[in-house]
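Below are the chains, spelled out letter by letter.
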Amino acid sequence: MKRRNFLRAAVVGAGVTAFGNRLSGAALAAPAQNGPSPYGALQAADANGIQLPAGFTSRVIARSGQKVASTGYTWHSAPDGGAVFADGGGWIYVSNSEITPGGGASAVKFDASGNITGAHRVLANTRQNCAGGKTPWNTWLSCEEIDLGFVYECQPNGPASAAVQRPAMGKFKHEAAAADPVRKVVYLTEDTTDGCLYRFVPTTWGDLSAGTLQVLKAGTATSGSFTWANVPDPDGSPTATRNQVSGAKRFNGGEGLHYANDTAWFTTKGDNRVWQLNLTSSTYELAYDDSLVSPGSAPLTGVDNVTGSSSGDLYVAEDGGNMEICVITPNDIVAPFLRITGQSSSEICGPAFTPAGNRLYFSSQRGTSGSSSGGITYEVTGPFRS
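The present account deals with the structure reproduced in this document. A quick note: this is a predicted structure, and the numbers were derived from the prediction, not measured.

Reading the values: the criteria
Residues numbered from 1 in each chain as written. Predicted model: local features only at pLDDT ≥ 70, side-chain atom pairs only at ≥ 80, totals over all residues. Heavy atoms only, no water. Pairing = 2+ DSSP bridges. Helix = DSSP H or I, 4+ residues; strand = E, 2+ residues; numbered from the N terminus. Axes fitted to C-alpha atoms, helices over the stretch in contact; angles between N-to-C directions. Buried < 20%, exposed > 50% of the residue type's maximum accessible area, 1.4 Å probe, protein only.

## Some words on the sheet that holds strand 15 (residues 185–190)
In step 1: If you walk across this open sheet you meet the 5 strands as 14-15-16-17-19, and the pairing is antiparallel. Edge positions in the sheet fall to strand 14 (174–180) and strand 19 (227–230), since each of these pairs with one other strand and no more. Each adjacent strand pair in this sheet contributes to an overall mean axis angle of 35 degrees, direction not counted.
In step 2: The pairing of strand 17 (residues 207–217) with strand 19 spans 4 bridges and is antiparallel.

Spelled out as structure tokens, the structure:
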């Protein structure tokens, strides 16, 4: 059974590519199941230790503690969540640093041919910057994954001094963010075993300095309807934001988050699930659950960061598992797209496509060393579906 509203490509204003919802109100569909990848089988590992489908190639963009290409900039430790921004004829890849102290985020600049032309810091002196999200006005939201953590709004072209703390978006253990230009809100995940899903409603769209933080309310089932309720004290002290609203739905370790065409997808690592919010009908359901996969064993475990492509596919990175990025297709098939070998003590972070959709960036947070100082950031190029 095809998911009734799964990932149908569209392009909306301000250069934002959206993937999602066609219909609403139809019967719920079963979560994604094992099946053949649209790209075929993975080939033998390449010189970078990455198994890819035929026709795809990888290159190393940056290594923690080393200069980025011919620039004078040293790449940060523990690269995590990231996004790509158009930059004239080229683009910029922004990546968080999940360390404390230090944290922050850095960026690599590319020209129209994909050559590296520069690298720089966009955020400094923060803590445990895990994931985040891109805004329609082309800023990067970098989230602190600590108790009473903040969201910081950063400029992809820097400098770090231009980054601004956004306390109105709540103080909690932030993970990821995703902007919804239709409802003019920003969704936020919380990385705790009893975490919640939030949305921030800015007083003025495009200005995150003031607004209302809300939490999702729903029953305990894996599907149903939901509502939003205001969080009385976004500062989260002395009572944590997740404990301020009766009936707030709990999620086991909120991770990656992706918005597209009236639909939001987010992952929960504690139960290896991908959730789908159908925003026009205010209903939710499971898009993937590793315990419900049949036949055979689940290809996707340790679910983490998530992004979408112009074909309408979801790409979900693993924290652990087989160190894979798996694809979930519009036909509800889940299969490995790539696998990193020899890095079992790491995790895959920050998958993001270029505006043209023909290059995918991501990082192995701890690389071959298993240490945050050993992170590696990659680019994969090839015949991605369009």
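## Observations concerning the pairing of strand 7 (residues 90–97)
In step 1: Counting buried positions over the 8 residues of strand 7 gives 8, a clear majority of the element.
In step 2: Covered by surrounding structure in strand 7 are Gly-90, Ile-92, Val-94 and Asn-96 together with Trp-91, Tyr-93, Ser-95 and Ser-97, the residues of both alternating faces.
In step 3: In terms of strand pairing, strand 6 (residues 79–87) meets strand 7 through 7 bridges, oriented antiparallel. Considered in strand 7, the bridge of Gly-82 is made with Ser-95.
In step 4: Both strand 7 and strand 8 (residues 105–110) contribute to a ladder of 6 bridges, which runs antiparallel. Opposite Ile-92, over in strand 8, you have Lys-109 as the bridge partner.

Nothing here speaks to function; it is all geometry.
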